[in-house]
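# Fold and geometry: a report
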Amino acid sequence: NLAASNASVDVSSDTASNLADTVVSVASSGGTKFESVEQEEKDKMVDCLTTVASLLAVDEPVVTDGVAMINLNSIDNGEAVELPTPNGVATAPVLKMNSQPENAPSVAIFDKATAQAIFPTPTQSETETSTTKNTVSEISSIDSPIVSLEFQGATELDFDIAISVNTSGDGSYGSEFVLDRTCKYYSDEVPVGWKTDGCVTTTGIAADGETKFTCSCTHNTSFAIILSATEIADTTQSDVSTVLMSINVIFLFLTFMCIAPFRKFRTRKLMQIQTQLCVSLFAGHVGFLIVGGLSPTDQASACVAGVIIVQYLFLVAMAWSVCASVTLYEKIVNALKSYGKQDKHYFTKCLIGCWFCPLFMVMATWVTAETMSDNSSPYIATTGETDGDSVEACWVDMPWKLVGFMIPVFLCLLLNFFLFVMIARIIIRAGKSGTTTSGHAREIKALVSITFTVGLPWLIILGATIPALAGVFQWLFIIITFLQGPVMFVCYVIFQEDVLTNVFSMFGKQPPKALLPPKSNKSKSAPSEDKRDTVNVKHNTYSTRDDGTNDENIYAKVDEEAAAPNEDSASRTSSKHHYETTAFTQHGQKGSELDPPPVVEQGETYENSAAQHMDIAQSSYPHVPQLV
């Protein structure tokens, strides 16, 4: 009322002190009692104290436990005045004028606890944006006493307020937080809140656990140092993933370019499938790198389109891995039934199924999201690093991620795993006849090649569901999965002698001997060694040379289509199977001294001079040692 009537009435120090104690007592009550008070009423409490300060006798400070007030008589340009502080405040604010004011100010100072109770909690205004990338959360708080200045009748102001802040507790925030202190003023005009316009913050030197901040401002109001604690997501995994994924993309591209342009490789069924797998993985990883750089808020449309495409491409890659595992199963495990049989449309079926079936999963995700009424987007996901930080990213969100991505992927991986177990069983059984280190190396190379071809490293992520080991398995998944490209390059190009030779021949060179199996270093015209390399199979025991010279990829010849045997009219109507007893030399050549292949019933045995008593029974796998 005094302020409204412009009454020139002096307020005694005792009256001002009692009023200040009352305000502090109400503010310190805390809990729901003071929280129920509207901010407008709290603003009136502040106005009351600043008005009382202007009615005090000049240069007679009033100091209480939570508030200090003074009505300055005069202050000159360039003069620095130390202001009074509430009890318990260690360092007093200092007011310095940078221009001559028309009148000296009245000052009310609130300690940190009282200020936090009366003034609203600072929030980031719509005109302010965080300057820190990968922000998880940002918490702001009043971090200093509040200095309320009132220059009566002033039109132009320029002053500095030096406010000390206790920074000794900054270490408790941890390394994942970025701390920023800014001088702001409180405005009760709409929009109500803490603002920075008209003020510039200068950080001083820290000493004895305190740092002095200088607020250079040009208007009246209440000033304080506002602390913004910004939590930053740990991007170590993302950075490592980006590097490894880029390497993966390079090797997938090189693998494709070493195989796809050449017709002699494109005619092989397994190489056709492997090429399509490389294409889908390459496109998926490139798309994932692009989507990873998009902002879910600023580039929402591009984010949605990118996620749909990447989701589709990875589902396609997983479908091709299933096709590859089924092909290997038919060639290795189920060879007795499939030998000599050709499905001319097999690759076409895989092509249609692998590129079109994933579309249904992607469309199902989009349609269900569109039909839901909560306006939620399935393509803005909340993701995190190993420490549990959560940030928004462009990816499929729950629950759509389960139905449209995770369940189909893990069903494919589960099928691939069971097929791999059966394939590995045959390869290991075939290799038991050899005891040399190089013999076991053949099997290891084959198993590693098949493992990465059918995408089994993706199963590692299941270990991340164990809370105590989540971080370890996430790192294992990142490292091993992104080795898929380099491993496929080594297995499809380096270990395949014909592919490697073809690549070097384009430059008029021969492959270095170090990259070729030991067999390539010997003469191809030694008939005695041709005979010694003939595969002998008897009673499920596979005998090969035990000197470690035959060190080629164990399933390199799986890719060679078995031509259907010539049949006369009688054999076409019978249920007999044809098995060609083939002697492979070190160089993959067929021996010329073999007897014509006999026609046998499945389960029968026959004598052959070249094969030396090879037994073919339903439980035997004569094709495996030939592949070895």
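Here, every reference points to the structure presented above.
Everything numeric in this text was worked out from a predicted model, so none of it was measured. Numbering of residues begins from 1 in every chain and follows the order in which that chain's sequence is written. Local features are withheld for residues below a pLDDT of 70 in this predicted model, meaning they are given only at 70 or higher, and side-chain atom pairs are given and counted only at 80 or more; totals for whole chains, interfaces and linings count all residues. Hydrogens and water are ignored here; the side-chain numbers use all heavy atoms of the structure.

### A closer look at the overall build of the protein chain
Heads up, the rule is: The numbering of helices and of strands both runs from the N terminus, where a helix is a DSSP run of H or I of at least 4 residues and a strand a run of E of at least 2. Remark: exposure states derive from per-residue accessible area (1.4 Å probe, protein chains only) relative to the maximum for the residue type, with buried under 20%, exposed over 50%, and partly exposed in between. Only heavy atoms enter the contact rule, under which two residues are in contact if any of them lie within 4.5 Å. For the area figures, the Shrake-Rupley method with a 1.4 Å probe applies, and any residue is considered shielded solely by the protein chains shown.
Assigned secondary structure in the protein chain consists of 19 helices and 19 strands. Counting over 628 residues, the protein chain shows a buried share of 45%. Contacts in the protein chain between residues far apart in sequence, at least 24 positions, make up 69% of those at least 6 positions apart. Carbon and sulfur atoms make up 57% of the accessible area of the protein chain, which totals about 31400 Å².

### Things to note about the side chain of asparagine 71
Cut-off, in case you're wondering: A 3.5 Å cut-off defines polar contacts: any pair of N or O atoms within that distance qualifies, except that in protein one atom must be a possible hydrogen donor and the other a possible acceptor, and neighbouring residues in sequence count only when both atoms are side-chain atoms.
Within the secondary structure layout, asparagine 71 lies in strand 2 (residues 67–71). In this structure the side chain of asparagine 71 is engaged in a polar contact, spanning 3.2 Å, whose partner is the backbone oxygen of serine 54. One polar contact links the side chain of asparagine 71 to the main-chain carbonyl oxygen of leucine 56, over a distance of 3.1 Å.

### Digging into helix 12 (residues 400–431)
Applied cut-off: Given the number of residues in a helix, its expected span is that number minus one, multiplied by 1.5 Å. The bend reported for a residue corresponds to the angle between axes fitted to the seven residues ending at that residue and the seven starting there.
Spanning 32 residues, helix 12 covers 45 Å between terminal C-alpha atoms, matching the ideal 46 Å at 1.5 Å per step. Of all the bends in helix 12, the greatest reaches close to 40° and is centred on methionine 406; the proline proline 408 follows between one and four positions later.

### Observations regarding the sheet that holds strand 3 (residues 80–82)
Short version of the rule: When DSSP finds two or more bridges between two strands, those strands count as paired. The axes used here are C-alpha line fits, helices contributing only the stretch in contact, and every angle between their N-to-C directions lies in the interval 0 to 180 degrees.
Strand order in the open sheet formed by 5 strands is 3-4-8-12-11, and the pairing between neighbours is antiparallel. Two strands lie at the open edges of the sheet, namely strand 3 and strand 11 (199–207), each paired on one side alone. Shown here is a sheet whose adjacent strand axes are inclined to one another by a mean of 20°, direction ignored.

### Side note on the state of the cysteines
Under the convention used in this document: When the sulfur atoms of two cysteines come within 2.5 Å, that pair is taken as a disulfide.
Applying the stated criterion to the full structure yields 3 disulfides. For cysteine 183, the disulfide goes to cysteine 215, at an S-S distance of 2.0 Å. The disulfide joining cysteine 183 to cysteine 215 has a torsion of about 120° about its S-S bond and is therefore right-handed. Of this pair, cysteine 183 sits in strand 9 (residues 177–187) while cysteine 215 sits in strand 12 (residues 210–217), placing them 32 residues apart in sequence. Accessibility classification places cysteine 183 together with cysteine 215 in one group, the buried group.

### Considering the pairing of strand 13 (residues 221–232)
Taken across its 12 residues, strand 13 has 12 buried, putting it largely inside the fold. Here strand 7 (residues 146–150) runs beside strand 13; their pairing, made up of 3 bridges, is antiparallel. Pairing of serine 148 across the sheet is with serine 222, part of strand 13. Where strand 9 and strand 13 come together, 10 bridges link them in antiparallel fashion. Opposite valine 178, over in strand 13, you have threonine 230 as the bridge partner.

### Notes on the nonpolar core
To keep things clear, this is the line we draw: By nonpolar core is meant a set of buried Ala, Val, Leu, Ile, Met, Phe, Trp, Tyr and Cys residues that side-chain atoms within 4.5 Å join together.
Core analysis: the biggest nonpolar cluster contains 52 residues, and Trp320, Trp458 and Tyr492 have the highest contact counts within it. In terms of residues, this core owes the most to one element, helix 9 (residues 300–333), which gives 14 residues. When residues no more than four places from it in sequence are discounted, the contact partners of tryptophan 458 are Phe314, Met318, Phe405, Val409, Phe410, Leu413, Phe477, Thr481 and Gln484. With 28 residues, the next largest nonpolar core counts Val52, Leu56, Val67 and Ala115 among its residues.

### Thoughts on the packing of helix 9 against helix 12
For clarity, the threshold we go by: Should an angle fall under 35 degrees it is called roughly parallel, over 145 degrees roughly antiparallel, and 65 to 115 degrees roughly perpendicular, with every other angle called oblique. Less than a right angle of anticlockwise turn of the near helix away from the far helix marks a crossing as left-handed, whereas a clockwise turn marks it as right-handed. As a working rule, the residues Ala, Val, Leu, Ile, Met, Phe, Trp, Tyr, Cys and Pro are called nonpolar, Asp, Glu, Lys and Arg charged, and the rest polar, with Gly in that last group.
Between helix 9 and helix 12, the shortest axis-to-axis distance is 9 Å and the interhelical angle comes to 20°. In this view, helix 9 runs roughly parallel relative to helix 12, as classed from their interaxial angle. Taken as a pair, helix 9 and helix 12 cross one another with a handedness that is left-handed. For the pair helix 9 and helix 12, the contacting residues are Gln311, Phe314, Leu315, Met318, Ser321, Val322, Ser325, Val326, Leu328, Tyr329, Ile332 and Val333 in the first and Gly404, Phe405, Pro408, Val409, Cys412, Leu413, Leu415, Asn416, Leu419, Met422, Ile423 and Ile426 in the second. The residue makeup of the contact of helix 9 with helix 12, split by class, is 19 nonpolar, 5 polar and no charged.

### Quick word on a negative patch on the surface
Cut-off, in case you're wondering: Each patch is built from residues lacking any salt bridge and having more than 30% relative accessible area; the joining distance is 9 Å for like charges and 5 Å for nonpolar side chains (Val, Leu, Ile, Met, Phe, Trp, Tyr). Whenever Lys or Arg places a side-chain nitrogen within 4 Å of a carboxyl oxygen from Asp or Glu, that contact is recorded as a salt bridge. Positive residues here are Lys and Arg, negative ones are Asp and Glu, while His and the chain termini are left out of the count. A single reference atom marks each charge: NZ on Lys, CZ on Arg, CG on Asp, CD on Glu.
On the surface, a cluster of negative charge is made up of Asp47, Glu150, Asp188 and Glu189. Overall, the relative accessible area of 32% leaves glutamate 150 in the partly exposed class.

### A closer look at the packing of helix 8 (residues 269–292) against helix 15 (residues 484–494)
At their nearest, the axes of helix 8 and helix 15 sit 12 Å apart, and the two run at 155° to each other. In this view, helix 8 runs roughly antiparallel relative to helix 15, as classed from their interaxial angle. Classified by chirality, the crossing of helix 15 by helix 8 is left-handed. Of helix 15, the residues touching helix 8 (which contributes Gln274, Leu277, Cys278 and Leu281) are Gln484, Met488 and Tyr492. For the contact of helix 8 with helix 15, the residue count by class is 5 nonpolar, 2 polar and no charged.

### A word on the pattern of salt bridges
Two side chains with opposite charge may pair up if their charged atoms get near one another. This model, assessed by the stated rule, comprises 5 salt bridges. Glutamate 41 is the salt-bridge partner of lysine 44, the closest N and O atoms lying 3.8 Å from each other. Of this pair, lysine 44 and glutamate 41 both sit in helix 4 (residues 39–54), separated by 3 residues, roughly a single helical turn. Judged by its relative accessible area of 46%, lysine 44 falls in the partly exposed class. Taking the shortest distance from any N to any O, the salt bridge between arginine 268 and aspartate 498 comes out at 2.7 Å. Here arginine 268, found in the loop between helix 7 (263–266) and helix 8, pairs with aspartate 498, found in helix 16 (residues 497–505); they are 230 residues apart in sequence, far enough to count as distant. A cluster of three or more residues bridged by salt bridges with shared partners is formed by Lys112, Asp143, Asp170 and Arg181.

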